[in-house]
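Given next are the chains, with one letter for each unit.
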Amino acid sequence: MSGATTWQRLRDDAAARTAGAVLGAVILAALFAPWLAPFDPTVQPDPVSLRLLAPTPTHPMGTDAFSRDVLSRLLHGARISLGVAAGAMLLSVVLGTTLGALAAVIGGWVDAVVSGLVDVLIAMPRLLVVIALVATFGALSPGWLVLLIGGSGWLTTARIVRAEFRDHLQRDYVLAARALGASRRRIIWRHLLPAVAPQIGVAAALALAAVIPLEAALSFVGLGVQPPMPSWGNILMDGTDYLTTAWWLVVFPVTAIALTVGAALVLADRLRVAIAGGERTP
Amino acid sequence: MTALLELRHLTVEYAARDRRAPAVDDLSLAISRGETLALVGESGCGKTSVGRAILRLLEPTAGSILFDGEDVRTMRGDVLQRFRRRAQVVFQDPNASLDPRMRIGEIVREGIDIHALMPRPKAELRVAHLLEEVGLPASTAARFPHECSGGERQRIAIARALAVEPEFLILDEAVSALDVLVRQQVLQLLATLQSRRKLTYLFIAHDLAVVERVATRVAVMHRGRLVECAPTRQLFSAPAADATRALLAAIPRIPWETRASGEGR
Amino acid sequence: MTALLQVEGLCVSVAHPGNSDPVSLLRDVRFALSPGETVGVLGASGSGKTTLALALMGLLPRDFTATGAVHFDGHELLSLSEGARRSLRARRISIVFQEPLTALNPRQRIGAQVAEVARAHGERNATRAHRLAVEMLSRTGLDDADERAHRFPHEVSGGERQRALLAMALLLDPALLIADEPTSALDVTVQAQVLQLLRAQQRERGMALLLVSHDLGVIATTCARTIVLHEGHVIEDTPTRQLLAAPEQPQSRALVDAVRPPEPAP
């Protein structure tokens, strides 16, 4: 009854498929932004007569205060926002997985250091720490944003991976591999990582959901991606000045952020359900 | 009679919250080549810790484990890898002892791969032979553990252990989770393999009724200590220790011939 | 003698989403059980014995279909509403399962879980329900039941968990207890104690017992009659002594031989 793997169960889940499709569409839109965008996102064709136009067939999402096409800015902004988010997510997941795995497999002082670090850092509110750092060093390039956001986000992944690894290390199939003389490296790559991959997937989806609003928040308060380079956060920031007169400047970027974060959260949730489905006894 | 394995004053302690709890307490025992020594006791008596200490899956606190004259505890590098090929294990729960994400072929091949015993095409042929030797069709290699029954999985675990050509096999409650019919078939298989491959078995079990059919000698553990070790027949007819008598009493008394023997078994 | 339980032509099948044909798990099962009778259901794994236990309790998963008739205590169980069935469970018909760890709620104290049974069946007073639970726990042989009642399932041994499950099953004095492999997850020494407890409770209460097991050793020491299941069919229904002496079917003989000592008893 529990024959299917976690990934197969996820694929058979309608909600997960929808969330995956939304996320996929956003990623494709970001990748092909230069071809999809009808206008140059930074060009200001006529700051007087084309300023703050409501959505029309030519400008499906209207124009902003500098007469730039909002759709084109959102598409290009997706490249920056998703790029930073994906980079930061990848960094935090790789860092978290590596440190969590080493802590579990090596144990001893490595475990003590990693666990201690996690316990201390996890108590700090992430947004405040990031804002404090940015405030000290000034506004950051996307590359630094990735390092900063990613470097501060590995804690939960490390904790999950450490706990899961420790659990699997005690299971008979890992003991059998050790009795056969398997090296630590082999046990990690052949047995433990495939076993824990779904949980890492959940951590990654949650990290993505956390990182997109974080980048947006930083850009929103002017500490993240700097204009004229568009990101979802600074497009939203520009829009809030005209909240009462030009709704499209706020509604569309908010929708983009909400859809992407929502899809990531749904995916994380469905993956968790798929994992639990495999642990039920047949 | 030469001992293949000799345990001298083996002690295993677990660090419990505030004190050191001995799981195995000063245990000395020798296993001769070709015999089946059963190690029995209630759960928690330390018998599983003995098996794991022999395989270096846990670190004993004191004592020595001599395998063919060499101390397993001090083995390093190549010497340890050679020992890993000579001593293998089959665990109790075939659901837990096979990696659910690997195909049977990969599982059985793992030891061959680890020790780089032969190139891939030859290894696959070897896997097919091993599967047939344990009574499974070679086509099983393409399946996943969840597509096999409990008895098949235990045969697979045996094939995996045999792949590195061991001479010593620890059977850690290897038939306890199996249904009586399947248990009998697996015991039969183990007996065949033992005579064909000249294997030495350490048969860890909690059930004396199973042990009676397979063991040459029986060692009884109670609270980490060895309380009795005797040839099987003798242990059953004249148990010396209280723990042994308790285990014997736990065997269900099936009323075979009621008129002839009454209550006795 | 009127039967307490009468199973007639019971068929159970399950539809797998992939396959077009439903798979038959029980085919035309029929037997009867008198009040106070002890009957074993013997079968290898896959013979349908657990399906039978679940079908009698009305606990089959939703994708299972049961046809035929199960008369129990004046009711036809298969056509009974879920609510009516629920009121029979624990009060008139109870079950204990193989794995005492998963059958208990890990986040609830043992005493509270036993008391819950009383409360679900009308005991309003919490103190009284708790007292009843502790009393039952001590009757099922739990040492220091007062203290054990406050522990969580993972804080006691497997044997103690099985005793707690038995306390829940017996609390309301059912007419029939179904025990599905109650000792398969236990050590032999603990198994012997639990079986002894089961026998003592059965005698004391005069309740009927249906003991499901793959191990004739377990059944032979407890049940006067044995039903042998094979691939969903009842292939033998006979006094246990007779089964031991002369099994009629080859499949029964295999199950008997599996527990026979290696040589004639000395």
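Keep in mind that this is a model prediction, so the values were computed, not measured.

Please set out a nonpolar patch on the surface residue by residue, giving values where relevant.
All names here are of chain A. Together, Leu117, Val120, Leu121, Met124, Val129, Leu133 and Phe137 line one region of the surface with nonpolar side chains, adding up to about 600 Å² of accessible area. Along the polypeptide, valine 120 turns up in helix H5 (residues 108-121). According to the relative accessible area criterion, valine 120 is exposed, its value standing at 51%.

Explain the environment of arginine 17 of chain A to me, and be specific about the residues and the numbers.
Residue and element names in this part refer to chain A. For arginine 17, the location among the structural elements is in helix H2 (residues 14-31). With relative accessibility at 49%, the residue arginine 17 sits in the partly exposed group. Separated by 249 residues in sequence, arginine 17 and valine 266 have C-alpha atoms that sit 9.9 Å apart. Setting aside residues up to four positions removed in sequence, arginine 17 forms contacts with Arg11 and Asp12. Separated by 2.8 Å, the side chain of arginine 17 and the backbone oxygen of arginine 11 make a polar contact.

Which residues make up the nonpolar core, and what values go with them?
In this structure, Ile149, Phe165, Leu192, Ile212 and Trp232 of chain A are the most contacted members of the largest nonpolar core, which totals 71 residues. The dominant element in this core, judged by the number of residues it contributes, is helix H10 (residues 184-220) of chain A, at 16 residues. Residue contacts for isoleucine 149 of chain A: discarding those within four places in its chain leaves Val84, Ala88, Arg126, Val211, Leu214, Glu215 and Leu218 of chain A. Grouped together as the second largest cluster of nonpolar side chains are 52 residues, Ala123, Leu136 and Phe236 of chain B together with Val188 of chain C included.

Help me get a handle on the side chain of glutamate 236 of chain C, residues and values and all.
All names here are of chain C. Inspection of the secondary structure puts glutamate 236 in strand S10 (residues 233-239). The side chain of glutamate 236 is buried and forms no salt bridge, while arginine 253, the nearest opposite charge, is found at 7.6 Å. There is a polar contact of 3.0 Å between the side chain of glutamate 236 and the backbone nitrogen of glutamate 248. Discounting chain neighbours no more than four positions away, the residues touching glutamate 236 are Thr226, Ile227, Val228, Leu243, Ala246, Pro247, Glu248, Gln249 and Ser252.

Give me the lowdown on helix H7 (residues 142-151) of chain A, citing residues and values where you can.
Within H7 of chain A the residues assigned to the buried category are Leu145, Val146, Leu148, Ile149 and Gly150 of chain A. Packing partners of the buried residues in H7 of chain A comprise helix H4 (70-106), helix H6 (126-137) and H10 of chain A.

Lay out the interface of chain B and chain C in plain terms, naming residues and giving numbers.
Contact residues are listed per partner, giving 24 residues for chain B and 26 residues for chain C. For the pairing of chain B and chain C, the buried interface totals around 2300 Å² over both sides, and the portion due to carbon and sulfur atoms is 64%. Summed over the three residues of chain B that lose the most area to chain C, namely Val180, Arg213 and Trp256 of chain B, the buried surface amounts to 27% of that side. Remark: the boundary between chain B and chain C carries four residue pairs in polar contact (both at pLDDT 80 or more). The biggest single contributor to the side of chain B that touches chain C is helix H6 (residues 180-197) of chain B, with four residues. Here the residues of the side of chain B that touches chain C sort into 10 nonpolar, five polar and nine charged.

Reading guide: rules and limits
Residues numbered from 1 in each chain as written. Chains lettered and ligands numbered in written order. Predicted model: local features only at pLDDT ≥ 70, side-chain atom pairs only at ≥ 80, totals over all residues. Heavy atoms only, no water. Patch = residues over 30% accessible without salt bridge, like charges linked within 9 Å, V, L, I, M, F, W, Y side chains within 5 Å. Areas by Shrake-Rupley, 256 points an atom, 1.4 Å probe, with all protein chains shown as cover. Salt bridge = Lys/Arg side-chain N within 4 Å of Asp/Glu carboxyl O. Helix = DSSP H or I, 4+ residues; strand = E, 2+ residues; numbered from the N terminus. Buried < 20%, exposed > 50% of the residue type's maximum accessible area, 1.4 Å probe, protein only. Contact = heavy atoms within 4.5 Å. Polar contact = N/O pair within 3.5 Å; in protein donor to acceptor, adjacent residues only side chain to side chain. Core = buried A, V, L, I, M, F, W, Y, C linked by side-chain atoms within 4.5 Å. Lys, Arg positive; Asp, Glu negative; His and termini not counted. Buried area = accessible area lost by both parts, 1.4 Å probe. Nonpolar A, V, L, I, M, F, W, Y, C, P; charged D, E, K, R; others polar.

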